[in-house]
Amino acid sequence: MGRQRPVTLPDALREGIEVLVADAGRKRVEEAAARLSDAYREGGPGAARVARSDLGVAAYLATRAPATYAAAAEVFRQVELARAGWAPTSLLDLGAGPGIASWAALETWPGLATVTLVEAEPEMNRAGKALATSGREPLRRASWTAGDAGIAGAPADLVIASYLIGELEPEALERFVHAAWERTTDTLVLVEPGTTAGYRRVLAARDAVLNTGGSTLAPCPHDNGCPLPDGDWCHFSTRLARSKTHRTAKGVERGFEDEKFAYVVLTRSPHARSAERVLRRPDLRQGHLVLALCTPDGLEQRTISRKEGDAYRRAKKLGWGDSL
C-alpha cells in the first residue's frame, strides 16, 4: 500500500562515505558508532559533540547519514508534490554537517545553481568537502562557511536545517528560527527526529514563523494549532536501504531500517495546500480502508469501502504522510 521502495543513497555519496570510513578504520568506526548511538538516544547538544573528531564524523557517516538523507529526501518529495514546477535556484543548508541534506535537495531539484553550507565543526566541513568532490556540479563548487548556523549564510530560495534545532539550547531555538526565516526568500524546511521532543521543537519553530507572517506548506493542511491531543505527536516514517558499511557499523543484519521524523515546511509564497494529510499508516481491513487524517477542520477518521471503486483504489495507493 502506497509505500515506495526503500531510499538508497546516490552511488557517489555511498562510495564517498565508504572511503572515509575505511580511512578512519572500520573497527574503530564500529566502536565510535556505539558511542554516537548512545549520544543520539540521549539527545540535546551532546549528540553534536560526539561527532567532532574525524573518527566521530566517520561514525556519523556510517550510521546516521543514510537516515538523514532518507528523511530529507522524503520531505523534499512532499514539497515537490505540493508545488509541482517550483524550481528553487539557491540553497542555504544551516548546520549542514557533511552536507547530506544538500545531496538530497540536489537530487530533487538538480537546477539549484547556488549552494551554501554552514557548519561550525571543522571535521564535518572537511568530510563534507571531500564527499562533494564527487557530487553534482553545484555541490562541487558550493560555498562552505565554518560558522554559527544562526548568523551565517546569504539569503536563499530554499533554506534547510535538518536534525539541528534539537542540538540548540531551548532559549536559542527561537532566535535561530527567526534568523533562518530572515534568510529565507521563499521556503524554509526543518526536519527533526520523530520523537515527542522533536515534534514539540518543530511546532515551536512553526509558531515562530507563523507569527511573522509565514504560512505552512506541509505537513499541516492549515495554519491552525495542532489538533492532536496531549500525549500524541505528529511524525512520519521513511524506509532506507542499508549498505554493507551501514550494517557493519551498526552491528545489524537487516537490510533496511525505518527512520521516524517530524518536519515542517514554511513558505512566503502563495500556494495551494493539500486538503488532508494521512497521519498514520493506513489500516487495510476486510473490504474497506481506514485513514487517520489531519484536515483544516481538525482530525478525522475516514472509512473508504471497496464498493466506492475509484476512491478505494486511490486510497490504497496512499502511504503514511501522503496528502490527499
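Here we summarise the structure given alongside this text. (Residues numbered from 1 in each chain as written. Predicted model: local features only at pLDDT ≥ 70, side-chain atom pairs only at ≥ 80, totals over all residues. Heavy atoms only, no water.)

### Description of the overall build of the protein
- Of the regular secondary structure elements, the protein holds 12 helices and 12 strands.
- For the protein, whose C-alpha radius of gyration is 19 Å, the value lies close to the compact-globule estimate of 20 Å for 324 residues.
- Here the protein holds 324 residues, and 53% of them are scored as buried.
- Considering only contacts within the protein whose residues lie at least 6 apart along the sequence, 73% involve residues at least 24 apart.
- A total of about 14400 Å² of accessible surface is found on the protein, and carbon and sulfur atoms cover 49% of it.
- Here the protein contributes 43 positively and 41 negatively charged side chains, and the mean placements of these two sets differ by 6 Å. (Helix = DSSP H or I, 4+ residues; strand = E, 2+ residues; numbered from the N terminus. Rg over C-alpha atoms; globule rule 2.2 N^0.38 Å. Buried < 20%, exposed > 50% of the residue type's maximum accessible area, 1.4 Å probe, protein only. Contact = heavy atoms within 4.5 Å. Areas by Shrake-Rupley, 256 points an atom, 1.4 Å probe, with all protein chains shown as cover. Lys, Arg positive; Asp, Glu negative; His and termini not counted. Charge placed at Lys NZ, Arg CZ, Asp CG, Glu CD.)

### Here we look at the packing of helix α4 (residues 54–63) against helix α7 (residues 122–132)
- For the pair α4 and α7, the least separation of the axes is 9 Å and the interaxial angle reads 50°. By the angle between their axes, α4 is oblique relative to α7. Of the two elements, α4 crosses α7, and the hand of that crossing is right-handed. In this structure, α4 uses D54, V57, Y60 and L61 to contact α7, whose residues at the interface are E123, M124, R126, A127 and L131.
- Across the contact of α4 with α7, the residue classes tally to 6 nonpolar, no polar and 3 charged. (Axes fitted to C-alpha atoms, helices over the stretch in contact; angles between N-to-C directions. Parallel < 35°, antiparallel > 145°, perpendicular 65-115°, else oblique. Left-handed = near helix turned anticlockwise from the far one by under 90°. Nonpolar A, V, L, I, M, F, W, Y, C, P; charged D, E, K, R; others polar.)

### Some details on the packing of aromatic side chains
- What the rule picks out here adds up to 5 aromatic pairs.
- Each ring, one from F236 and one from F261, has its centre 6.3 Å from the other, and the planes form 45°; the classification is tilted. Taken as a pair, F236 in strand β7 (residues 236–241) and F261 in strand β8 (residues 256–267) lie far apart in primary sequence, 25 residues in all. Note on accessibility: F236 and F261 belong to one class, buried.
- Aromatic pair F261 and Y263: ring centres 5.9 Å apart, planes at 40°, arrangement tilted. Like F261, the residue Y263 is buried in the burial classification.
- Just above the ring of Y163 sits the side chain of R64; from NZ or CZ to the centre is 5.3 Å.
- Directly above the ring of F256 sits R254, whose terminal nitrogen or CZ lies 4.7 Å from the centroid. (Phe/Tyr/Trp six-rings, centres within 6.5 Å; stacked < 30°, edge-to-face > 60°. Lys NZ or Arg CZ within 6 Å of the ring centre and 35° of its normal.)

### Structural notes on the state of the cysteines
- Enumeration according to the criterion identifies 0 disulfides in this entry.
- With no disulfide of its own, C226 lies closest to C234 among cysteine sulfurs, the gap being 6.1 Å.
- The partly exposed category is assigned to C226, whose relative accessible area is 30%.
- In this structure C294 is not part of a disulfide, and its nearest cysteine sulfur, from C220, lies 6.2 Å away. (Disulfide = S-S within 2.5 Å.)

### Observations concerning the nonpolar core
- In terms of nonpolar packing, the biggest core is built from 67 residues, with L61 and Y69 touching the most fellow members.
- The element best represented in this core is helix α5 (residues 65–82), accounting for 10 residues.
- With 25 residues, the next largest nonpolar core counts A161, I165, V202 and L210 among its residues. (Core = buried A, V, L, I, M, F, W, Y, C linked by side-chain atoms within 4.5 Å.)

### Comments concerning the packing of α5 against helix α6 (residues 100–108)
- One can describe the packing of α5 onto α6 by two numbers: an axis separation of 8 Å at closest approach and a directional angle of 35°. As α5 runs across α6, the sense of the crossing is right-handed. Residues A65, T68, Y69, A72, A73, F76 and E80 of α5 lie in contact with α6, whose contacting residues are I100, A101, W103, A104, A105, E107 and T108.
- Looking at the contact of α5 with α6 residue by residue, the class counts come to 10 nonpolar, 2 polar and 2 charged.

### Regarding the environment of R280
- By the element assignment, R280 lies in the loop between β9 (277–278) and β10 (283–285).
- Take R280: its relative accessible area is 27%, and that puts it in the partly exposed class.
- The residues contacting R280, other than those within four sequence positions of it, are L228, D232, W233, A292 and W320.
- There is a polar contact of 2.5 Å between the side chain of R280 and the side chain of D232. (Polar contact = N/O pair within 3.5 Å; in protein donor to acceptor, adjacent residues only side chain to side chain.)

### Overview of unusual backbone geometry
- Look at the link from A218 to P219: it is a cis peptide, with omega at -5°.
- Its place among the elements puts P219 in the loop between β6 (215–218) and β7.
- A positive phi angle, near 55°, is found at Y163, a position not held by glycine.
- Judged by its relative accessible area of 12%, Y163 falls in the buried class.

### Focus: the pattern of salt bridges
- For the coordinates displayed, the defined rule picks out 19 salt bridges.
- Linking E137 and R141 is a salt bridge whose minimum nitrogen-to-oxygen distance equals 2.6 Å.
- Taking the relative accessible area as the measure of exposure, R141 reaches 47% and is therefore partly exposed.
- Across the pair E192 and R201 runs a salt bridge, and its minimum N-O distance is 2.9 Å.
- Residue E192 is classed as buried on the basis of its relative accessible area, which comes to 1%.
- What emerges from the salt-bridge pattern is a single network uniting D11, R14, E15 and E18. (Salt bridge = Lys/Arg side-chain N within 4 Å of Asp/Glu carboxyl O.)

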